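# Structural description and commentary
So you can see what is in the structure, the chains are spelled out below.
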Amino acid sequence: MIRLVIADDQAVVRAGLSVILGAEEDIEVVGEAADGAEAIALARELRPDVVCMDIRMPGTDGIAATRAIVSDPDLDVDVLILTTFDVDDDVLASLEAGAAGFLLKGADEDTLLGAVRSVAAGEGTLDQRVTRRILRELSRRGSRGVLARPDTGAQHQYTDRAADAGGVSGHASFAGAASVDVALTSRELEVLRLLAQGMSNGEMATHLYVEPTTIKYHLTGLMQKTGSRDRLQTVLWGIRAGLVQP
């Protein structure tokens, strides 16, 4: 069962989402919040699996709330951003705050349900209407050497260099901290780049002529090595490290 909190300043939107999502056998809406501060409080009180978060709310907005929830070491809660506004800076800010997914409110019911389930499963999701554009913008920002880190706001500089045995290393220098190297095998790099193309586990397995369980094994390794919560954040890490070009 996926336990869900809905955060939106419009009561009619909360009610509509609650009806749609709560009608599913595998989803339970456990709380509703009218602003970001209430969303943070409910996340800490109710410990949901996913928070569906609007961006533009009075007081504490959805981006600040996302950052607070995702960076809380006592919480294991993923955030799916649901917004009316197709604005690049909003999308980028929410992803860099640690959101596991971004979806426009105009999405159909099946897409919404799929996004919630995808985020709950640790796969992340990004609205196909903005995916390519946003990944390109992230890549452009990364190519200049600076991207904000979600949990601290510190600035990271990334380069990549060759590693032994045909692998690669994503090198990250964090402001105020020692530099960190993440060495990927050549297979992990292949999986990372296919992941950035939006492929499912099955599609990647077919492309690489391996079993889906093998893909899952490599994805688990990628997320552990990069400290990513889900597939989407793994792709963002790859862009920041200069290892993925959308």
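Residues numbered from 1 in each chain as written. Predicted model: local features only at pLDDT ≥ 70, side-chain atom pairs only at ≥ 80, totals over all residues. Heavy atoms only, no water.

Now for the overall build of the protein chain. Regarding its fold elements, the protein chain presents ten helices and ten strands. Across the 246 residues that make up the protein chain, the buried fraction comes to 49%. Considering only contacts within the protein chain whose residues lie at least 6 apart along the sequence, 60% involve residues at least 24 apart. Accessible area of the protein chain: about 11,300 Å², with a carbon and sulfur share of 49%. (Helix = DSSP H or I, 4+ residues; strand = E, 2+ residues; numbered from the N terminus. Buried < 20%, exposed > 50% of the residue type's maximum accessible area, 1.4 Å probe, protein only. Contact = heavy atoms within 4.5 Å. Areas by Shrake-Rupley, 256 points an atom, 1.4 Å probe, with all protein chains shown as cover.)

Strand order in this open sheet of six strands is 2-1-3-4-5-6, and the pairing throughout is parallel. Edge positions in the sheet fall to strand 2 (27–33) and strand 6 (125–126), since each has one partner strand and no second. Contacts from helix 1 (residues 11–22) reach strand 1 (2–7), strand 2, strand 3 (50–53) and strand 4 (78–83), with the element oriented near 165 degrees to strand 2. (Pairing = 2+ DSSP bridges. Axes fitted to C-alpha atoms, helices over the stretch in contact; angles between N-to-C directions.)

Time to look at the side chain of Arg-14. As for its placement among the helices and strands, Arg-14 is situated in helix 1. The buried category is assigned to Arg-14, whose relative accessible area is 14%. Engagement of the side chain of Arg-14 in a polar contact is seen with the backbone oxygen of Asp-8, the distance being 2.7 Å. Not counting residues up to four positions away in its chain, the partners in contact with Arg-14 are Ile-6, Asp-8, Asp-9, Glu-32, Ala-33 and Ala-34. (Polar contact = N/O pair within 3.5 Å; in protein donor to acceptor, adjacent residues only side chain to side chain.)

Turning next to the nonpolar core. Judged by nonpolar contacts, the single largest core of 28 residues is most densely connected at Ala-7, Val-51, Met-53, Ile-69, Val-79, Ile-81 and Phe-102. At the level of elements, strand 1, helix 2 (36–46), strand 3, helix 3 (62–71), strand 4, helix 4 (88–96), strand 5 (101–104) and helix 10 (231–240) are the ones that each hand at least two residues to this core. Apart from the residues within four sequence positions on either side, Ala-7 is in contact with Ala-33, Ala-39, Val-51, Cys-52, Met-53, Asp-54 and Met-57. (Core = buried A, V, L, I, M, F, W, Y, C linked by side-chain atoms within 4.5 Å.)

Given 3.6 residues to a turn, an α-helix orients residues that are three or four positions apart in the same direction. Counting buried positions along helix 10 yields ten of ten residues, so the element is predominantly enclosed. A distance of 2.8 Å separates the backbone nitrogen of Gln-233 from a side-chain oxygen at the start of helix 10, and that oxygen is part of Asp-230. Downstream of helix 10 by a residue or two, Gly-242 has a phi angle that is positive, lying close to 75 degrees.

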